[in-house]
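# Close look at the chain arrangement
Below are the chains, spelled out letter by letter.
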Amino acid sequence: MTDWIAELKPVLVFDSGIGGLTVLREARVLMPERHFIYVADDAGFPYGDWEEEPLRARIITLFGRLLSSYDPEVVIIACNTAFTLVGADLRATFPERRFVGTVPAIKPAAERTRSGLISVLATPGAVKRAYTRDLIQSFASQCQVNLVGSKHLARLAEAYIRGETVSDEDLMAEIAPCFVRDEGRQTDIVVLACTHYPFLANMFRRLAPWPVDWLDPAEAIARQARRLVPMVEREADAEDRDFAVFTSGQPDFATRRLMQGFGLSRQYSVISP
Ligand code: DGL
């Protein structure tokens, strides 16, 4: 472990792939004095296709290693699919650690909708979760909530970010079920309940059959993390110390370049579950 980690603990941001970068971006703005470690379990990507029990075991094992290697001040689970499954288990297994989770933004959507028709666009895993159903029951029972489990969007977001061409038809096929008309009302909010999706938000806006609010919870997650991380005065650092960890150990060239664009240039390591 290096000196800087002992001196001021880093913030660890976790996702199955590159989606958590949409949260890292906001977290950096609010915690400029902190260093960040970005962990992508890309060997397990996409999480949306996993059965619950093996995924739960994988993430708990992985965190045993990550926490002892990096000793973070706080962990941001920047993945709806992971947190809705293992958030409670992570807190129970590592009670001395602080976890900030990402869950489908159903509560704010229910507060803002005017038509009462909300769609939640997520991975097939996240729409199945008991956690997601509980959120609807607790906060949106007065709304009509349409859960849309997308099989391909997380992969399409990764492809798009790697510079591959993603066709309008492919995207449209995934988002079309979000747009519902019922008795003169229509969907007015689509919750982006997978951290990969904000990368595609401009295309979603262009393709949408009518304008809706695309709700991205990244800033709210970053604010929650800020509340848990003590504010410490620190000189700006010339050296770039943030880095990314890939469980595959083999991010491709485009992904490495993307990480560099996010200031995660320092190193690429492997911690396999
Ligand atoms: N970024 C993840 C989320 O927020 C999921 C992507 C995946 O399927 O691995 O749900």
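Cut-offs applied
- Residues numbered from 1 in each chain as written.
- Predicted model: local features only at pLDDT ≥ 70, side-chain atom pairs only at ≥ 80, totals over all residues.
- Heavy atoms only, no water.
- Helix = DSSP H or I, 4+ residues; strand = E, 2+ residues; numbered from the N terminus.
- Buried < 20%, exposed > 50% of the residue type's maximum accessible area, 1.4 Å probe, protein only.
- Contact = heavy atoms within 4.5 Å.
- Near = heavy atom within 4 Å.
- Polar contact = N/O pair within 3.5 Å; in protein donor to acceptor, adjacent residues only side chain to side chain.
- Areas by Shrake-Rupley, 256 points an atom, 1.4 Å probe, with all protein chains shown as cover.
- Pairing = 2+ DSSP bridges.
- Right-handed = clockwise from strand over helix to strand, strands pointing away.
- Salt bridge = Lys/Arg side-chain N within 4 Å of Asp/Glu carboxyl O.
- Axes fitted to C-alpha atoms, helices over the stretch in contact; angles between N-to-C directions.
- Parallel < 35°, antiparallel > 145°, perpendicular 65-115°, else oblique.
- Left-handed = near helix turned anticlockwise from the far one by under 90°.
- Nonpolar A, V, L, I, M, F, W, Y, C, P; charged D, E, K, R; others polar.

### Description of the environment of Pro217
- Within the secondary structure, Pro217 sits in the loop between β10 (213–215) and α11 (218–228).
- Pro217 gets classed as buried once you look at its relative accessible area, which sits at 13%.
- Discounting chain neighbours no more than four positions away, the residues touching Pro217 are Ala105 and Leu192.

### Notes on the site of the ligand
- Within the structure, the ligand sits among 14 residues, and Ser16, Tyr47, Thr81, Thr195 and His196 are positioned closest to it.
- At a separation of 2.6 Å, an oxygen atom of the ligand approaches a polar backbone atom of Tyr47.
- For the ligand, an oxygen atom lies 2.5 Å from a polar atom in the side chain of Thr81.
- Relative to its unbound accessible area of 300 Å², the ligand is 99% covered by the protein chains.

### Concerning the pairing of strand β1 (residues 11–15)
- Most of β1 sits inside the fold, with five of its five residues counted as buried.
- Side chains Val11, Val13 and Asp15 of β1 all project onto a buried face; the interleaved residues Leu12 and Phe14 project onto the opposite face, where all are buried too.
- In this sheet, strand β2 (residues 36–40) lies alongside β1 in parallel orientation, the contact comprising five bridges. Within β2, the residue paired with Phe14 across the bridge is Val39.
- Regarding topology, helix α2 (residues 21–30) serves as the crossover connection from β1 to the parallel β2, and that connection is right-handed.
- Bridging between β1 and strand β3 (residues 74–77) involves four bridges; their strand directions are parallel. Looking across to β3, one finds that Leu12 is bridged to Val75.

### Quick look at the pattern of salt bridges
- The final tally for this structure, using the stated rule, is 20 salt bridges.
- Residue Arg98 is joined to Glu73 by a salt bridge in which the shortest nitrogen-to-oxygen separation is 2.8 Å. Placement of the pair is Arg98 in the loop between α4 (80–93) and β4 (99–100) and Glu73 in the loop between α3 (52–70) and β3, with a sequence separation of 25 residues.
- What makes Arg98 partly exposed here is its relative accessible area of 34%.
- By relative accessible area, Glu73 is classed as buried at 17%.
- The salt bridge involving Arg162 is made with Asp252; its shortest N-O contact spans 3.8 Å. You can see Arg162 sitting in the loop between α8 (153–161) and α9 (168–175) and its partner Asp252 sitting in the loop between β11 (243–246) and α12 (253–261), a full 90 residues away along the chain.
- With a relative accessible area of 27%, Arg162 lands in the partly exposed category.

### What about the packing of α3 against α4?
- The N-to-C vectors of α3 and α4 enclose an angle of 45°; their axes lie 10 Å apart at closest approach. Compared by their axis directions, α3 and α4 come out oblique. Handedness of the α3/α4 crossing: right-handed. Contacts from Glu52, Leu55, Arg56, Ile59, Ile60 and Phe63 in α3 reach Ala82, Leu85, Val86, Asp89, Leu90 and Thr93 in α4.
- Its residues placed into classes, the contact of α3 with α4 shows eight nonpolar, one polar and three charged.

### Details of the packing of α2 against α11
- One way to put it is that α2 packs onto α11 with a least axis distance of 8 Å and a crossing angle of 45°. Between α2 and α11, the crossing angle belongs to the class labelled oblique. α11 is crossed by α2, and the crossing has right-handed handedness. Along its contact with α2, which presents Thr22, Val23, Glu26, Ala27 and Leu30, the element α11 presents Ala218, Glu219, Ile221, Ala222, Arg223 and Arg226.

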